[in-house]
Amino acid sequence: MKKIEQRFLTIQKEIFDVYSKMELSKNTDIIQDSWKRPEGGGGKTCVIQNGNIFDNSAVNFSSIYGSKLPKSALGNSKVKSTRYGFQAMGVSVICHPKNPNIPTSHMNIRLFCILNKNKQIKDWWIGGGYDLTPYVIYKDDINNWHSQAKANLDRFDKSFYKSFSKTCNEYFYIPHRNERRGVGGIFFDNKQYKSIDSSINFLESIAKTYLSSYKELISNRKKETFTKEDKQFQEIRRGRYVEFNLVNDRGTAFGLQSNGRISSILSSLPLNASWVYKKTKSMEAREKKLIKILNKDWNV
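Residues numbered from 1 in each chain as written. Predicted model: local features only at pLDDT ≥ 70, side-chain atom pairs only at ≥ 80, totals over all residues. Heavy atoms only, no water.

Colleague: A description of the layout of surface pockets should follow, citing residues and the corresponding values.
Modeller: Its boundaries defined by the atoms lining it, the largest pocket holds a volume of some 240 Å³. Elements supplying a minimum of two residues to the lining of the largest pocket: helix 1 (2-22), strand 1 (29-36), strand 2 (41-49) and strand 3 (54-66). No other element matches strand 2, which puts four residues into the lining of the largest pocket. Partitioned by chemical class, the residues of the lining of the largest pocket number four nonpolar, five polar and four charged. The volume enclosed by the second largest pocket comes to roughly 170 Å³. (1 Å grid on protein atoms, 1.4 Å probe; cavity = no way out; pocket = protein on both sides within 12 Å on 5 of 7 lines; lining within 4 Å. Points joined across faces, edges and corners; volume = space filled by probe spheres on them. Helix = DSSP H or I, 4+ residues; strand = E, 2+ residues; numbered from the N terminus. Nonpolar A, V, L, I, M, F, W, Y, C, P; charged D, E, K, R; others polar.)

Colleague: Lay out the nonpolar core with the relevant residues and their values.
Modeller: In summary, soluble globular proteins display a tendency toward joint burial of nonpolar side chains. Tyr19, Tyr210 and Tyr214 are the most contacted members of the largest nonpolar core, which totals 56 residues. The element contributing the most residues to this core is helix 4 (residues 196-221), with 11 residues. In this structure, Tyr19 is in contact with Ile48, Phe54, Ser57, Val59, Val93, Cys95, Tyr210, Leu211 and Tyr214, ignoring residues within four places of it in sequence. Grouped together as the second largest cluster of nonpolar side chains are seven residues, Ile64, Phe86, Ala88 and Ile114 included. (Core = buried A, V, L, I, M, F, W, Y, C linked by side-chain atoms within 4.5 Å. Buried < 20%, exposed > 50% of the residue type's maximum accessible area, 1.4 Å probe, protein only. Contact = heavy atoms within 4.5 Å.)

Colleague: Just give me the short version of the side chain of Ser63, but keep the residues and values in it.
Modeller: One can find Ser63 in strand 3. Here Ser63 falls in the buried class, since its relative accessible area comes to 3%. Excluding residues within four positions of it along the chain, Ser63 makes contact with Glu5, Gly40, Gly41, Gly42, Gln87, Ala88 and Met89.

Colleague: Can you tell me about the pairing of strand 4 (residues 86-97), naming the residues and giving the values?
Modeller: In the case of a regular strand, side chains alternate between the two sheet surfaces. Buried residues dominate strand 4, accounting for 11 of its 12 residues. In this sheet, strand 4 lies alongside strand 3 in antiparallel orientation, the contact comprising 12 bridges. Across the sheet, the residue bridging to Phe54 is Pro97, located in strand 4. Both strand 4 and strand 5 (residues 104-115) contribute to a ladder of 10 bridges, which runs antiparallel. Within strand 5, the position partnered with Ser92 by the bridge is Asn108. Between the end of strand 4 and the start of strand 5, which pair antiparallel, lie six residues. (Pairing = 2+ DSSP bridges.)

Colleague: I'd like to hear about helix 1, residue by residue, with values.
Modeller: Since there are 3.6 residues in each turn of an α-helix, residues three or four apart along the chain are aligned in direction. Taking 1.5 Å per residue as the helical rise, helix 1 with its 21 residues ought to reach 30 Å, and the 31 Å between its terminal C-alpha atoms agrees with that figure. Among all positions in helix 1, only Ile4, Glu5, Phe8, Ile11, Gln12, Ile15, Phe16, Tyr19, Ser20 and Met22 are buried. Buried residues of helix 1, viewed axially, fall in a sector of 155 degrees; they line one side. Seen from the open side of helix 1, the exposed residues pointing more than 90 degrees away from its buried face are Lys2, Lys3, Lys13 and Lys21. (Expected span 1.5 Å × (residues − 1). Arc of directions from axis to C-beta.)

Shown next as structure tokens:
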């Protein structure tokens, strides 16, 4: 299991190194924090705040042990026996850029293992994916995001993209708002792709495709100008992001149900967000237009 953990740690380091090097401001807060969990396992939380690119970005690794698998880990699948315990590990990335022209992005990859009495792997499955939440719509960026996801998945199985993109649209949905969180991407759970080694190769490809796609998007939009109203609108829409993460997200629920480290779990939230009781007519019109775009199927 140590070798598998190291592969996840390598993915975390690669992503965090790329994002850290983007930051040019001397006032940027760059934090790397290793921690242990009393119940078993631990992780590493890496955060960028107040940068020239990111208001807040968290690139987190965790590997935890336990005796009872939280319900949130299973989604809609059958409950699995964890008589001899489980181990869950993964990398989770969330980026809230400063410039409203750059969308928020999210990516996670994870491995769950059910252990036998000798603490070896008895059963296992993988999950993960990534999605994009824009505040200003650039159709070419969205289409490229999906096209690059499809190109990567097609190398493994040509049925994956259609299935995973549909699941992403269904999962990243805010029921109490009747709107999607963003313009989608890919998402899957309770999956086995050949062997464990092949499955981790598959997860690595997803992380690398996400990083490549998002780097390109940042490069395309980081010099776009924005107004005070643009920033206010971004913070209002970030409020929706917070609502989803705290109310609907299974990853957040898993962290809390497994007695996870609260500061690491909530590092996915934006540094600033707002909830305005009565928006201006301009803001209302802008939001109505955006929601119409978000609720469209962007799958290629």
